[in-house]
Amino acid sequence: MFKRKYWLVLALLFVMFIISACSEEGTETNTENEGEKETATATPAGPQEIRVRVNDDPDFLDPHRATASLSFQQILNMFEGLFLPQPDGSLTEGLAESYEVSEDGLTYTFKIRQGVKFHNGDPLTTDDVVYTFERLMGLNGGEKLSKNFDNVASIDAPDATTFVMTLKEPNSNFLYSLTALQSAILPKSNDGKHNENPIGTGPFAFAKYSPGTNLELKKNEEYWQEGLPYLDKVTFVYQSDDQAAVMNLLAGEVDLTGVPGHRVAEVEGSFNISHQNNNSSLIITFNEEKEPFNNLKVRQAINMAISKQDIIDSIFSGYATPQGSNMSPAMGDYYLDGLQDVYSFDVEKAKKLLAEAGYPDGFKTKITVSSHNDMYPNIAQIAVENLKQIGIDVEIETVEWGIWLERVYFGRDYEMTTIDLTGRPSAYEILNDYISTNDNENFFRFKNDEYDQVMADVLKETDREKQIEYYQRAQEILTEQATAVYIADYEILWGSKKNITGLKSYPFWFHDMKEVKFN
Amino acid sequence: MLYIIRRLVLFIVTVALVSIITFGVFQILPGDPVKTMLGTEADEVQIESLRKELGLDRPLHEQYMDWVQGLFTGDLGNSIRFSMPVSDLLMDRLPVTLSVASLALVIVLFVALPLGIFVAKRQNKLSDVLLSSATQLGMAIPSFWLGMILIIYIGMNFDFFKINGYVPWSESIAGALSTLVLPALTIAIPQIAVKFRYVRTSILEQMQLDYVRTIRSKGLPEKIVMYKHILKNSMIPILTIFGLITAEVVAGTIIVEQVFALPGVGQLLITSISYRDFPLVQGIVMYITVTVVFINFVVDILYSVIDPRIRLR
């Protein structure tokens, strides 16, 4: 009797052992499938291998499906478009060697670069280029993946090196939709597998993806730019906690990470700190369809009552550039300076404006913020204190990111909120959020006829100087209308090992590893 | 046999109820998986095409029945967030979580049991009072804070310990231990505090019983009195608590994996909930349910091993 029961226990233990042994084996074969023994996750990288910490997984590895800036920050190392974005916000020829635009601005003719190979060894052909755009536009049987090319009337490849696109209407911003951000060139031969086994022409090739853990890229030995890249391996390590990331940098477990402003002092001595203008706009905004935010004077009063400097000092330890409109100095010529001083902090004036608007005693409202980043609830706290001084009583409602998106961004069921609008390389795409017919992105419900007109005119304008004038006028309108409280473009501070060189910063999220090396 | 069948039926009912509740909760919760995943930069074309591809545009009961059907063929469906099979994701991460949990359990067992016996023998002496008050502290410490403290004072000072990530056992045993010991300690310390008090009380209770006096007066050596009689008789309540603690340890891995950036099931659960990744949450909830039910089953069997008067019915 006794014995039999002991056997039962032994059998159970044996089963448990088998289960855990089986699952161990599972991982082992996975690693072996990759063909190479990877280095232990926690050991510091070797000579030309970098470990870069990023906050979260990419949404997709397929560049046509990915939308989050965080995804492109990583996967742009694998893919290229006809044009390559540059750190100063301009474009250079990438997989297109040269191009011509017809007089009427409708026909774009590209010469495809010869001798470029995909990571699987296949040469780049015009077939692949045609396939890429057909896939994006939903012309080869699949779902349409992007609306960036709705304005394209036809695409054609008249010979083996030429690719032609014809537009329905002229669009001076069109070339910006030809970078890997919007139209990475993918090989036709990899159709249906772009997400599991992404293949591009970029300096690094896909090696392995472990969800929630890391993404490993290996050197593209046959990269078309001679001598590049230098690194043999790039690993993007996922770690959502900023504070823990700093500890990992100090412990040598990652080579590069973003460092929160208040912790710079700890890492400054032994690591390089580089500053990147994020090219974003951090805003506190309102639902302009709702009372009392449909009143210009109320919006102006709030603009004057919120102290941008308080927010910059306490949230970003001073590492931020105050803004007055939705454009960052990182955008160079397109940026209009001076708007940041239009509504300077002035409680008395704000009170007066509020009284003129018919709210001498202020009002009650609610600010809905997402909890996925501490920054938003913290900013809301400061704003609430500031607004109390002019009699506006604001309640803070903190919600999950998914709920914020559903309720505020897509549902427009909110009164006030705060968010940072991420930067893009094109001035048009930064400013088009406010066009009244852009129902998808205009969650402010901003409606201004002059603004719509300016943004329509700029697409027809081919002269760059005149385009700049239009874009600057658009920024002025946003300030005049006090569309939002434009707080700042906060800097991202990158802490990196001292022997790393070649880091570049772009006016959008991109960890460009092409020229990075350890010395 | 009858016992096993009854257990099995109970298990199926539990799983079915749990899965319906999880599914229901996800329909009530605000937040949309596709929008959450694609964020503010998505346009309506991308959102619609992905929703169609994932089959999220179909009626709810159809989505649920599909999932149940898959379950019978061993297919847990595809994760929305990671676009890969849920079973692959789970299999990748189970070794991590099971390793942390078993290591933590071993630590609890090997520390709490001897400590409890040691203190019971010295009732009301200084060592007993000191240890008993120390356990009050151990019970009060939240595990995320303890984890941070261990990272700062042990992880940062000893090269051996890694404070981030996981090294598979198959690669290096020392490497695996270097990533697992601190998280396991984080879970174990508060549990040791709880368990040790139960061991102490349970043994003290037995010590006051008549049979102990009788065997002592019979002249049995103290060692045999303690280990052969008292300990064995006090095992039933200790075992009950042990079963509960195992469930707590499994739950504890969720927090600890977050603190130590261990790529385990708990970390996956948090990600999947915030992304409203329904198939993945279902898969993980299934794993937790199965584990807890299985542990209770083992505890029931152990009862009858320790005390043959208890029969499995």
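Residues numbered from 1 in each chain as written. Chains lettered and ligands numbered in written order. Predicted model: local features only at pLDDT ≥ 70, side-chain atom pairs only at ≥ 80, totals over all residues.

By the naming in an unreviewed UniProt entry, chain A goes by DNA-binding protein and is assigned to Lysinibacillus composti. In UniProt, chain A has this text filed under Sequence similarities (unreviewed entry): "Belongs to the bacterial solute-binding protein 5 family." (UniProt positions renumbered as here; feature names shortened; annotations may be inferred.)

### Overview of the interface of chain A and chain B
One frequent convention defines the size of an interface as the accessible area lost when the parts assemble. Of the residues lining the interface, 47 residues belong to chain A; the matching set on chain B comes to 55 residues. Among the elements of the structure, helix H1 (2-33), helix H5 (242-250) and helix H11 (401-410) of chain A are those that each provide at least two residues to the side of chain A that touches chain B. In terms of residues, the side of chain A that touches chain B owes the most to one element, H1(A), which gives twelve residues. When the residues that make up the side of chain A that touches chain B are grouped by side-chain class, the tally is 20 nonpolar, 16 polar and eleven charged. (Contact = placed C-beta atoms within 7 Å. Helix = DSSP H or I, 4+ residues; strand = E, 2+ residues; numbered from the N terminus. Nonpolar A, V, L, I, M, F, W, Y, C, P; charged D, E, K, R; others polar.)

### So, the pairing of strand E4 (residues 96-101) of chain A
Residues and elements named next belong to chain A. Bridge count between E4 and strand E5 (residues 107-112): five bridges; the pairing is antiparallel. Bridge assignment links Glu100 to a residue of E5, and that residue is Thr109. Counted along the chain from E4 to the antiparallel partner E5, the turn is five residues long, and its residue Gly105 has a positive phi close to 75°. (Pairing = 2+ DSSP bridges.)

### Observations regarding the domain arrangement of chain A
Residues and elements named next belong to chain A. Split by domain assignment, chain A resolves into domain 1 (47-79 + 202-270 + 498-518), domain 2 (80-188) and domain 3 (281-491). For domain 1 versus domain 2, the distance between C-alpha centres works out to 26 Å. Contacts between the two partners involve 15 residues from domain 1, matched on the other side by 16 residues from domain 2. Split by residue class, the side of domain 1 that touches domain 2 holds eight nonpolar, four polar and three charged. (Domains from an automatic or database assignment.)

### As for the pairing of strand E16 (residues 393-399) of chain A
Residues and elements named next belong to chain A. Pairing of strand E15 (residues 364-370) with E16 involves seven bridges; the strand directions are parallel. Opposite Ser370, over in E16, you have Val399 as the bridge partner. Traced from E15 through helix H10 (residues 375-388) to E16, the parallel crossover comes out right-handed. (Right-handed = clockwise from strand over helix to strand, strands pointing away.)

### A look at helix H11 (residues 235-259) of chain B
Note: α-helices contain 3.6 residues per turn, so residues at a spacing of three or four share the same orientation. Residues and elements named next belong to chain B. In a regular helix each residue adds 1.5 Å, so 25 residues correspond to 36 Å; H11 covers 34 Å between its end C-alpha atoms and thus fits that length. In the structure, H11 departs most strongly from a straight axis at Thr253, where the bend amounts to approximately 30°. All buried positions along H11 are accounted for by Phe242, Ile245, Thr246, Val249, Val250, Gly252, Thr253, Val256, Glu257, Gln258 and Val259. Where H11 is buried, its residues contact helix H5 (86-121), helix H7 (143-155), helix H8 (173-207), helix H12 (265-274) and helix H13 (278-306). Immediately downstream of H11, the backbone of Ala261 shows phi near 50°, a positive value. (Expected span 1.5 Å × (residues − 1). Bend = angle between axes of the 7 residues up to and from the residue. Buried ≥ 20, exposed ≤ 12 C-beta atoms within 10 Å, placed from the backbone.)

### Quick word on the nonpolar core
A:Ala301, A:Ala383, B:Val100 and B:Ala104 are the most contacted members of the largest nonpolar core, which totals 189 residues. In terms of residue count, H5(B) provides more of this core than any other element does, 14 residues in total. Leaving out residues up to four positions away in the same chain, B:Val100 has contacts with B:Leu180, B:Pro183, B:Ala184, B:Thr253, B:Val256, B:Leu262 and B:Gly264. Grouped together as the second largest cluster of nonpolar side chains are seven residues, B:Leu38, B:Ala42, B:Ile80 and B:Tyr275 included. (Core = buried A, V, L, I, M, F, W, Y, C linked by C-beta atoms within 7 Å.)

### Some words on the environment of B:Gly138
Residue and element names in this part refer to chain B. Here Gly138 is to be found in helix H6 (residues 126-140). Taking C-alpha positions, Gly138 is 6.5 Å from Ile189, a pair spaced 51 residues apart along the chain. Sequence-distant contacts of Gly138, that is, excluding residues within four places in its chain, are made with Ile189, Pro190, Ile192 and Ala193.

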